[in-house]
Each structure stands twice: as structure tokens, then as C-alpha cells.
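Single-letter residue listing:
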Amino acid sequence: MISAQEALARLRAGNRRFVDGDRSIDTLMSQVRVNEFVARQQPLAVILGCSDSRVPVEVVFDQGFGDLFVIRVAGNVVAPSQIGSVEFAAERLGTRLVVVLGHTRCGAVQATIEDLQESTSQSWNMNSIVSRIRPSVEGLLATDLKHDHPALVAQAVRANVRASVNQLRHGSDVLERLVRIDGLCIVGAEYALETGVVDFFDGV
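Here the structure is a predicted model, which means the values were calculated and not measured.

*Asks:* Would you mind showing me how to read the overall build of the chain here?
*Replies:* Summing up its helical and strand segments, the chain has eight helices and five strands in all. Of the regular secondary structure in the chain, the N- to C-terminal order runs α-α-β-α-β-α-β-α-α-α-α-β-β. When burial is assessed residue by residue, the chain has 46% of its 204 residues classed as buried. Pairs at least 24 residues apart make up 70% of the contacts formed inside the chain by residues separated by at least 6 positions. When the accessible surface of the chain is totalled, it reaches about 10,100 Å², and 49% of it is carbon and sulfur. Of the charged side chains in the chain, 20 are positive and 24 negative, and the gap between their average positions amounts to 4 Å.

*Asks:* Hey, could you run me through the pairing of strand 4 (residues 185–191) in this one?
*Replies:* Side-chain positions along a regular strand alternate between the two faces of the sheet. A large share of strand 4 lies buried, amounting to six of its seven residues. With four bridges joining them, strand 4 and strand 5 (residues 198–202) adopt antiparallel strand pairing. Bridging across to strand 5, Ala189 finds its partner in Phe200. Where strand 4 hands over to strand 5, the hairpin turn is made up of six residues, of which Gly196 adopts a positive phi near 85 degrees.

*Asks:* Even after reading the chapter, I still don't get helix 6 (residues 124–138), so can you show me in this structure?
*Replies:* Given 3.6 residues to a turn, an α-helix orients residues that are three or four positions apart in the same direction. Helix length check: helix 6 (15 residues) gives 20 Å between terminal C-alpha atoms against 21 Å at 1.5 Å per residue, within 8%. If you look at helix 6, its biggest bend is around 35 degrees, right at Arg132, and the proline Pro135 turns up within four residues after that. What helix 6 keeps buried is the set Ile129, Val130, Ile133, Arg134, Ser136 and Val137. Buried residues belonging to helix 6 abut helix 5 (107–118) and helix 7 (149–170).

*Asks:* Teacher, can you tell me more about the pattern of salt bridges here?
*Replies:* Considering all chains together, one arrives at 12 salt bridges under this definition. Between Glu6 and Arg10 there is a salt bridge, with its nearest N and O atoms 3.9 Å apart. Linking Glu6 with Arg10, this pair stays in helix 1 (residues 4–20), spanning four residues, or about one helical turn. You can call Glu6 partly exposed: its relative accessible area is 40%. Overlapping salt bridges, with partners in common, bring together Arg17, Arg23 and Asp62 in one network.

*Asks:* Sorry if this is basic, but what is going on with the sheet that holds strand 1 (residues 45–49) here?
*Replies:* The pairing of strands in a sheet happens through backbone hydrogen bonds and is either parallel or antiparallel. One open sheet holds the five strands; their spatial order is 2-1-3-4-5, and the pairing between them is mixed. Here the strands that pair on one side only, and so sit at the sheet edges, are strand 2 (68–72) and strand 5. Taken pair by pair, the neighbouring strands of this sheet meet at an average axis angle of 30 degrees, ignoring direction. Here helix 7 sits on the sheet and contacts strand 1, strand 3 (97–103), strand 4 and strand 5; the angle it forms with strand 4, its principal contact strand, is near 160 degrees.

*Asks:* Help me understand the packing of aromatic side chains, please; the structure alone is not making it clear to me.
*Replies:* Centre-to-centre distance and the angle between the planes together describe a pair of aromatic rings. According to the stated counting rule, one finds three aromatic pairs in the structure shown. Relative to Tyr191, the ring of Phe18 lies with its centre 6.5 Å away and its plane at 45 degrees, an arrangement referred to as tilted. Placement of the pair is Phe18 in helix 1 and Tyr191 in strand 4, with a sequence separation of 173 residues. Here Phe18 falls in the partly exposed class, since its relative accessible area comes to 27%. Residue classification places Tyr191 among the buried residues on the basis of a relative accessible area of 5%. Pairing Phe61 with Phe200 gives two aromatic rings, centres 6.3 Å apart and planes at 35 degrees, and the pair type is tilted. Residue Phe61 is located in the loop between helix 3 (57–60) and strand 2, and its partner Phe200 is located in strand 5; the two are separated by 139 residues in the primary sequence. With respect to class, Phe61 is no different from Phe200; both count as buried.

Calculation notes
Residues numbered from 1 in each chain as written. Predicted model: local features only at pLDDT ≥ 70, side-chain atom pairs only at ≥ 80, totals over all residues. Heavy atoms only, no water. Helix = DSSP H or I, 4+ residues; strand = E, 2+ residues; numbered from the N terminus. Buried < 20%, exposed > 50% of the residue type's maximum accessible area, 1.4 Å probe, protein only. Contact = heavy atoms within 4.5 Å. Areas by Shrake-Rupley, 256 points an atom, 1.4 Å probe, with all protein chains shown as cover. Lys, Arg positive; Asp, Glu negative; His and termini not counted. Charge placed at Lys NZ, Arg CZ, Asp CG, Glu CD. Pairing = 2+ DSSP bridges. Expected span 1.5 Å × (residues − 1). Bend = angle between axes of the 7 residues up to and from the residue. Salt bridge = Lys/Arg side-chain N within 4 Å of Asp/Glu carboxyl O. Axes fitted to C-alpha atoms, helices over the stretch in contact; angles between N-to-C directions. Phe/Tyr/Trp six-rings, centres within 6.5 Å; stacked < 30°, edge-to-face > 60°.

Shown next, in the form of C-alpha cells:
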């Protein structure tokens, strides 16, 4: 079993390689090892990230086949299916690091801000995402950030990541137990579209 601390170090190192344009030979060669993963898997981390096409998780962390258990949904929101997926990886596969990965200029966060400021009409399905982001944004709209849209979006992205991290830490008896007694670590991070850098800023 890979500890949360070791897994975090590997993700940080992989992101540095990505930013530097220096992919690991292990990542490049992982495809030839695909048969090793037919019978079992032991991913080093769970990544709950946004569906945004500009944030390909394995690429951003320079990881290969079998390295990451990836859950992607617009706005990196947490619903029962996402919690269940994290529980599966943590309990059944022994993964000890969970990362909620948001990103700058998140469209789902911006849609939520527009919904609150302009009362835009969303489909029922889209609203199921917006409604989960809304509590992270509402408080910010009561501050001077409402007059500075870029700063508002930037703060809202991080607030939304923190909210998702908090839901995973406290919304599951299984995950709470693994955090308390078995070394599970749930952290929040933000990927910068502008630089490619991942900043781990919550729970590290």
C-alpha cells in the first residue's frame, strides 16, 4: 500500500515533469504493461476532478496505466455516486490519497455565478451541478468581490474545492473511519490552465 504522503510526493513530482515538458519513461512505457492490470489494480491516488477537456488528469500528473483512479464531473462536485466511487477505491483498492482537483476559469463555477447574479435558466440536469456549487459562491457575492469578476471566479473555484473536500471528509462513515484510523488523506488542489501548475492548498 502506498502512503498518502508518498502518493502526494509522486503527484507533485509528476506535475513538475509535466510543466517542464519532461515525461517520465515509466509513464511512456506503462502501456506495454497493460496486461499487469487485468487482474488487479492499486492506484496511488483517487482524483476527483472537473470534466473540463483542458485538464487531462493523467497527463497533468504525468502518470500512466493503473496509477490513478479518476472520477470526473463538471465542477468537481460531490454527489452520492462520487462518494461511493471514492469509498470503493479507498476501501477495496487500498488507495490512501484522495485529491479534489479544481481548475482556474472553471465553466461550471462561472455558470453558477451567472445563475446567482442574473437568474439564468438552467436545465434540470445542469441545475443539479449548479445547486451543489451555489453554497460556495453565495457568501462571496456578499463581499466586494461581486465587483471584480475575475477575482470572484478565482475565489469561488477554491471555495468550491474546499466544499467538495469537506463533503468527502464528513459525508461518509467509511471515509471518516479511514481518515481517523487508517491513514486516508483527502486534500484539495487547483490546476492553473495558464501555467500547468497544480497547487495543493487544502489539507496538505
